[in-house]
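Structural features, examined
Here is how the chains run, residue by residue.
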Amino acid sequence: MGSCVSKGKEDDDSIHNVDFSGGNVHLITTKESWDNKLAEAARDGKIVVANFSATWCGPCKIVAPFFIELSEKHSSLMFLLVDVDELSDFSSSWDIKATPTFFFLKNGQQIGKLVGANKPELQKKITSIIDSVPASPHRP
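Now for a quick tour of the structure. (Residues numbered from 1 in each chain as written. Predicted model: local features only at pLDDT ≥ 70, side-chain atom pairs only at ≥ 80, totals over all residues. Heavy atoms only, no water.)

**Quick word on the nonpolar core**
Filter applied, for reference: The criterion is simple. A nonpolar core is a set of buried Ala, Val, Leu, Ile, Met, Phe, Trp, Tyr and Cys residues joined through side-chain atoms within 4.5 Å. For every residue, the accessible area (1.4 Å probe, protein chains only) is compared with the maximum for its type, and the residue is labelled buried under 20%, exposed over 50%, or partly exposed between those bounds. Helix numbering and strand numbering both begin at the N terminus, where a helix is a DSSP run of H or I of at least 4 residues and a strand a DSSP run of E of at least 2.
Ranked by internal contacts, the top residues of the largest apolar core, which has 40 residues, are W34, F52 and L122. Of all the secondary-structure elements, those providing two or more residues to this core are β2 (25-28), α1 (31-44), β3 (47-53), α2 (58-73), β4 (77-83), β6 (101-106) and α4 (119-132). In terms of residues, this core owes the most to one element, α2, which gives 7 residues.

**A word on the packing of aromatic side chains**
Rules: For Phe, Tyr and Trp, rings pair up if their centres lie within 6.5 Å, where Trp contributes its six-membered ring, and each pair is then called stacked (planes under 30 degrees apart), edge-to-face (over 60) or tilted (otherwise).
In the structure shown here, the tally under the stated rule is 9 aromatic pairs. Aromatic side chains F67 and F79 sit 5.2 Å apart centroid to centroid with 75° between the ring planes, which places their arrangement in the edge-to-face category. Residue F67 is located in helix α2, and its partner F79 is located in strand β4; the two are separated by 12 residues in the primary sequence. A relative accessible area of 0% places F67 in the buried class. Judged by relative accessible area, which is 0%, F79 ranks as buried. Grouping aromatic residues by their ring pairs yields a cluster made of W34, F52, F90, W94 and F103.

Written out as structure tokens, the structure is:
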């Protein structure tokens, strides 16, 4: 499905055995788990950062550890990982043309998108989204 998109000279085909999920990244394996996580995020007032990725994609392997790191730094956001090969019909419904593709969702609606393994731009988008969300009162 689609092709890999990288940014810069970070491509390294020698990267193997990369963990795509970890930290606070939730692996989505079914449409039902996607719906449940989106409902949970809406209930908790969280923005969702969804990474549509592929295990064979070099740029996806490069950005995966950074995505996990971001998930650990930004607990106010919900980080999801979708394997485009495991959920190909679902991924097609999101019109994924290249991997990785990141979607930013609020209340289930797309508020941003980033195509490619561009770490600085991913960080920039996340910072921008966090800065745009008013601080919510602390819940017990």
